[in-house]
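One letter stands for each residue in the lines below.
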Amino acid sequence: MNTLILKIEEGQEYDISKAAKLLKLGGLVAFPTETVYGLGADGFNKEASRKIYAAKGRPSDNPLILHIADWEQLDKIASNISKEADKVMRAFWPGPLTVILNKKKEVPYETTGGLDTVAVRMPSHPVARRLLSESQVCVAAPSANTSGRPSPTTAKYVIEDMNGKIDMIIDGGSVGLGLESTIVDFTSDVPTVLRPGFITLEMLRELIPNVVLDKALTAQGRVENIKAKAPGMKYKHYAPKADLCLIKGESSQVIKKINELAKEKEEEGYRVGIIGTEENIPGYTFGLIKNIGKRGEVNSIAANLYRVLREFDDSDVQYIYSEAFEEEELGQAIMNRLKKAAGYQMIRV
Ligand code: TXA
Ligand code: MG
C-alpha cells in the first residue's frame, strides 16, 4: 500500500479534506494529538476497526479509544453518564483525559474489544480537532506504533512503524506532551484511574475526592492475582531491547551507583546506555549517555521519554541504567511507563 504523507507546517494553511474523506470511507489515517500520535479509523465501522488491529499487530480483545470533536458525538457513544464523569469531562475536555463509560449498543464490539463499556476522549490538538470535526467521524485510535514499541511522539516514528500499512500519515511535528492520556473508569463502584497521565490523581481529587488508583497500578508488576481492568495492561507492554534498570535516590548517590554499574558492565565487555537528567549529565563517565530533560522540568522529561527509549532500541547497547523520579503528580505517569519498561527492576540507593 502506498501511504500518503500530509505535512503540516506550523502557522501555514492546510487542507485536511482528503484525510477526512479517507476516514469516512473506512481508511486508516495516523494523526497528531497532544499526547502521542494516533492511528485512526471510523469506530462505528467494524471493518475499519479490524484494520487497526491488523496494522498494529494488536490483540483483538484490547479495546480502542473513541475520539470525538464535540459533545453531540458523546450522545451517540455512551449512556447512563454519572454526575462525576460529567464533572470531570467538563473540566478537562478537550484534553489528555480518557473516560470509560457504558457504551450504546450502536458502538461495535470490534471497537470495544467485546466489552459493554467504551473509552472516549476529546483531544485538544488543533489538527486532531480539525480532522474530527471535518470528517464528523467518531475516530477509534490507539497509539500509532507497532504493538510492543514505544508510542510515537513525532511523525518520523509513525512512518517507521506504519509506512506501507495505512492510507495516510498526517505529519504535524512533535506532539506537546509525549505520554498517553490519563484513563479514568467511571463504570466501577468508585472512579478509578487505570492509566496515569497529565491529568494527575491530585487534579482529579479536587473534583472527585473518592477517586482511586487501580490496584494493578499499585501492585508494582505483581499483577498475577489482580485482574487488570484496562485490557491493555495485561499484555506484555513495551520492553526495550536492552535490559533496563532504574536507580532511585538522592542525585549524587544515584550518579555514583550508575557509574559503578556502568563501569562493571563495560569491563565485562557489554555496551551500556545511561538515561540521565540534564543537571546530572556532567557526572556520568561511562557508556552512551542520553539527556532526558531537566529534573526541574518534569514536562520535558515526559516529552523526551519515548524518543530516548526508541533511540536506545536503534543503538547496540545491552544494559541501560536510568535515573528514577518521584511518583507524585506527573512523576506518577513517567514512573508508570519507566517501571513497565524496566520490568519493575529498581535499585534504591
Ligand atoms: O493519549 C492517548 O490516549 C492515545 C491517543 C492516540 O489518543 N491513545 C492511546 O490508545 O493511548 P491505546 O490504544 O494505546 O491505549 C488505550 C488503552 C488500552 O490500555 C486499553 O486497554 C484501554 O485504553 N481501554 C480502552 N477501552 C477500554 C475499556 N472499555 N475499559 C477499560 N480499558 C479500556
Ligand atoms: Mg498504545
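Residues numbered from 1 in each chain as written. Chains lettered and ligands numbered in written order. Predicted model: local features only at pLDDT ≥ 70, side-chain atom pairs only at ≥ 80, totals over all residues. Heavy atoms only, no water.

### Notes on the overall build of the protein chain
- Looking only at helices and strands, the protein chain features 12 helices and 17 strands.
- Taking 349 residues into account, the globule formula puts the C-alpha radius of gyration at 20 Å, and the protein chain, at 20 Å, falls close to it.
- Judged by the C-alpha coordinates and their principal axes, the protein chain covers about 60 × 50 × 35 Å.
- Looking at the 349 residues of the protein chain, the share that counts as buried comes to 54%.
- For the protein chain, the share of sequence-separated contacts (at least 6 apart) that also reach a separation of at least 24 residues comes to 67%.
- Accessible area of the protein chain: about 15200 Å², with a carbon and sulfur share of 49%.
- Side chains of the protein chain give 46 positive and 47 negative charges; the mean places of these two sets differ by 4 Å. (Helix = DSSP H or I, 4+ residues; strand = E, 2+ residues; numbered from the N terminus. Rg over C-alpha atoms; globule rule 2.2 N^0.38 Å. Buried < 20%, exposed > 50% of the residue type's maximum accessible area, 1.4 Å probe, protein only. Contact = heavy atoms within 4.5 Å. Areas by Shrake-Rupley, 256 points an atom, 1.4 Å probe, with all protein chains shown as cover. Lys, Arg positive; Asp, Glu negative; His and termini not counted. Charge placed at Lys NZ, Arg CZ, Asp CG, Glu CD.)

### Considerations on the packing of aromatic side chains
- This model, assessed by the stated rule, comprises two aromatic pairs.
- With a centroid separation of 5.5 Å and an interplanar angle of 45°, the aromatic rings of Trp 71 and Trp 93 are classed as tilted. Taken as a pair, Trp 71 in helix H3 (residues 71–77) and Trp 93 in the loop between helix H4 (83–92) and strand S6 (97–103) lie far apart in primary sequence, 22 residues in all.
- Given a relative accessible area of 26%, Trp 71 falls into the partly exposed group. (Phe/Tyr/Trp six-rings, centres within 6.5 Å; stacked < 30°, edge-to-face > 60°.)

### Concerning empty space enclosed by the protein
- Going through the model one piece at a time under the given rule, you end up with two cavities of 30 Å³ or more.
- Estimates place the volume of the largest cavity at around 50 Å³.
- Every residue along the wall of the largest cavity is listed here: Thr 182, Val 193, Pro 196, Gly 197, Ile 199, Thr 200, Leu 201, Leu 213, Glu 329, Gln 332 and Ala 333.
- The residue inventory of the lining of the largest cavity, partitioned by class, reads six nonpolar, four polar and one charged. (1 Å grid on protein atoms, 1.4 Å probe; cavity = no way out; pocket = protein on both sides within 12 Å on 5 of 7 lines; lining within 4 Å. Points joined across faces, edges and corners; volume = space filled by probe spheres on them. Nonpolar A, V, L, I, M, F, W, Y, C, P; charged D, E, K, R; others polar.)

### What to know about the sheet that holds strand S17 (residues 346–348)
- Read across the open sheet, the five strands follow the order S15-S14-S16-S13-S17; overall the sheet is parallel. In the strand order of this sheet, the two ends are held by strand S15 (288–291) and S17, each with one partner. Adjacent strand axes in the sheet meet at a mean angle of 20°, parallel and antiparallel pairs treated alike.
- Across three bridges, strand S13 (residues 243–248) lies against S17 in parallel orientation. (Pairing = 2+ DSSP bridges. Axes fitted to C-alpha atoms, helices over the stretch in contact; angles between N-to-C directions.)

### Topic: the domain arrangement of the protein chain
- Each assigned domain of the protein chain is listed with its residue range as follows: domain 1 (4–218) and domain 2 (243–348).
- Centre-to-centre separation of domain 1 and domain 2, based on C-alpha positions: 29 Å.
- Each side of the interface is counted separately: domain 1 has 23 residues, and domain 2 has 19 residues.
- In this assembly, domain 1 packs against domain 2 so that about 1700 Å² is buried in total across both faces, 56% of it on carbon and sulfur atoms.
- Considering only the side of domain 1, the residues that lose the most area to domain 2 are Pro 150, Tyr 157 and Leu 179, jointly responsible for 33% of the buried surface there.
- The interface formed by domain 1 and domain 2 includes three salt bridges. (Domains from an automatic or database assignment. Buried area = accessible area lost by both parts, 1.4 Å probe. Salt bridge = Lys/Arg side-chain N within 4 Å of Asp/Glu carboxyl O.)

### Some words on helix H7 (residues 155–162)
- Along H7, the residues classified as buried are Ala 155, Tyr 157, Val 158, Asp 161 and Met 162. Down the axis of H7, the buried set is contained in an arc of 155°. They therefore lie on one face.
- Its buried side turned inward, H7 meets strand S2 (29–31), strand S3 (38–42), helix H2 (46–56), strand S9 (168–171) and helix H11 (298–313).
- Directly beyond the C-terminal end of H7, a positive phi value near 90° is found at Gly 164. (Arc of directions from axis to C-beta.)

### A word on H4
- Burial in H4 covers these residues: Ala 85, Val 88, Met 89 and Phe 92. Seen from one end, H4 has its buried residues packed into an arc of 100°, which puts them on one side. Facing away from the buried surface of H4 by more than 90 degrees, the exposed residues are Lys 83 and Arg 90.
- Packing partners of the buried residues in H4 comprise H3, S6 and helix H8 (201–207).

### Observations regarding unusual backbone geometry
- Here the residue pair Trp 93 and Pro 94 is connected by a cis peptide bond, since its omega of -10° sits within 30 degrees of zero.
- Tracing the backbone shows Pro 94 in the loop between H4 and S6.
- With phi around 50°, Asn 80 is a residue other than glycine that occupies positive phi space.
- If you trace the backbone, Asn 80 turns up in the loop between strand S5 (78–79) and H4.
- What makes Asn 80 exposed here is its relative accessible area of 67%.
- Positive phi values are uncommon outside glycine, yet Gln 136 reaches one of about 55°.
- In this structure, Gln 136 sits in the loop between helix H6 (126–135) and strand S8 (139–140).
- On the basis of relative accessible area, Gln 136 is assigned to the partly exposed category, the value being 40%.

### Some words on the environment of Trp 71
- Spatially, the C-alpha atom of Trp 71 lies 45 Å from that of Ile 274, the residues being 203 residues apart in sequence.
- Residues within four places of Trp 71 in sequence aside, it is in contact with Met 89, Arg 90, Trp 93 and Met 122.

### Some details on the pattern of salt bridges
- Following the criterion strictly, the structure yields 21 salt bridges and no others.
- Glu 160 is the salt-bridge partner of Arg 310, the closest N and O atoms lying 3.3 Å from each other. One end of the pair, Arg 310, is in helix H11; the other, Glu 160, is in helix H7, and 150 residues separate them in sequence.
- Glu 160 sits in the partly exposed class, given a relative accessible area of 40%.

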